[in-house]
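Report on the structure
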Amino acid sequence: MEFHVLVREPAAEVREAGLLVLLHGYGADEKDLMGLSPALDPSLRILSVRAPHPTPMGGYAWFGIEFDTEIRSYDLDQAASSLDDLVEFLSELRREVAGPMAIVGFSQGAMMAFAAVARQPELAGSVALMSGKALDSLLPADPPQGLDAVRFLIQHGTYDPLVPVENGRELDALLTRWGVDHEYREYAMGHAVSAESLDDLARWLVGRLEVPTD
């Protein structure tokens, strides 16, 4: 399927670096994470992807959620279908982009980013997972070949009421078991992006999307 995307081109006065793909969370849209772009390297081309499914509360989702005061269940069939479409979309991007590519996902977007790269590690050299978790039904039982070449940043709020910090710690433990290089950081925040976590993300991305010169 074709996804609706929002693009920020690199600033005219700098040499273009690689491509950064943003995947938003439940009930948001492609404008949500693009709001972080002023804090990111102006040489990056940024592409923010809208999830495919409208939600009852407005915005869009990668898959349905049942919740009241807390999340009760996920629509895993819808998640699997969205993952198929996302992997196809990212694969096409990867074929079109000559330079390095990174993915940043928040919440549901982080779940989808991790599952996509676990399926096809060649999709991105760097992946940042913000306030997410591992959806076991979408992941292989064994460490995917080539995943050790991908660099990961995991960020999570210690006061997150929607995706509790234990989920971030489980992601940290999983990547450790799989022998995958990564950084794990916790912040005194809820289900959000703080100034501190955004600063850390911006610094972490520096150099990872640099296009080599001839």
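From a predicted model like this one, the values you see are computed outputs, not experimental measurements.

1. Points about the overall build of the chain
- Helix and strand content of the chain: 5 helices and 11 strands.
- For 214 residues, the compact-globule estimate of 2.2 N^0.38 gives 17 Å, and the chain sits close to it at 16 Å.
- Its C-alpha atoms give the chain principal-axis dimensions of roughly 55 × 40 × 35 Å.
- Accessible area of the chain: about 9,900 Å², with a carbon and sulfur share of 49%.
- Distance between charge centres in the chain, computed from 16 positive and 34 negative side chains, equals 3 Å.

2. Things to note about the layout of surface pockets
- Each pocket or cavity is described by its volume, and for the largest pocket that value is around 340 Å³.
- Along the walls of the largest pocket sit 19 residues, with Y26, F106, S107, L162 and H191 positioned nearest its centre.
- Counted by class, the lining of the largest pocket contains 14 nonpolar, 4 polar and 1 charged residues.

3. Focus on the nonpolar core
- Within the largest apolar cluster, 48 residues are counted, with the highest numbers of intra-cluster contacts made by V21, W62, F63, L90, F114, L129 and F152.
- Of all elements in the fold, only β2 (19-23), β3 (45-49), α2 (76-96), β8 (101-106), α3 (108-119), β9 (126-130), β10 (151-157) and α4 (165-177) reach the threshold of two or more residues within this core.
- Looking at this core, the element that brings in the most residues is α3, giving 9 residues.
- Filtering out sequence-adjacent residues up to four positions away, F114 remains in contact with L129, A134, L139, F152, L171, L174, L175 and W178.
- Counting 21 residues, the second largest nonpolar core, distinct from the first, contains L40, I46, L153 and L205.

4. Describing the pairing of β2
- Of all the 5 residues making up β2, 5 are buried; the element is thus mostly covered by neighbouring parts of the structure.
- Because side chains alternate across β2, one face comprises the buried residues L19, V21 and L23, and the other comprises L20 and L22, equally buried.
- Pairing geometry for β2 and β3, over 5 bridges, is parallel. Considered in β3, the bridge of L23 is made with V49.
- Looking at chain direction, β2 and β8 are connected through 5 bridges and run parallel. Bridge pairing links L20 to A102 in β8.

Definitions and cut-offs
- Residues numbered from 1 in each chain as written.
- Predicted model: local features only at pLDDT ≥ 70, side-chain atom pairs only at ≥ 80, totals over all residues.
- Heavy atoms only, no water.
- Helix = DSSP H or I, 4+ residues; strand = E, 2+ residues; numbered from the N terminus.
- Rg over C-alpha atoms; globule rule 2.2 N^0.38 Å.
- Areas by Shrake-Rupley, 256 points an atom, 1.4 Å probe, with all protein chains shown as cover.
- Lys, Arg positive; Asp, Glu negative; His and termini not counted.
- Charge placed at Lys NZ, Arg CZ, Asp CG, Glu CD.
- 1 Å grid on protein atoms, 1.4 Å probe; cavity = no way out; pocket = protein on both sides within 12 Å on 5 of 7 lines; lining within 4 Å.
- Points joined across faces, edges and corners; volume = space filled by probe spheres on them.
- Nonpolar A, V, L, I, M, F, W, Y, C, P; charged D, E, K, R; others polar.
- Core = buried A, V, L, I, M, F, W, Y, C linked by side-chain atoms within 4.5 Å.
- Buried < 20%, exposed > 50% of the residue type's maximum accessible area, 1.4 Å probe, protein only.
- Contact = heavy atoms within 4.5 Å.
- Pairing = 2+ DSSP bridges.

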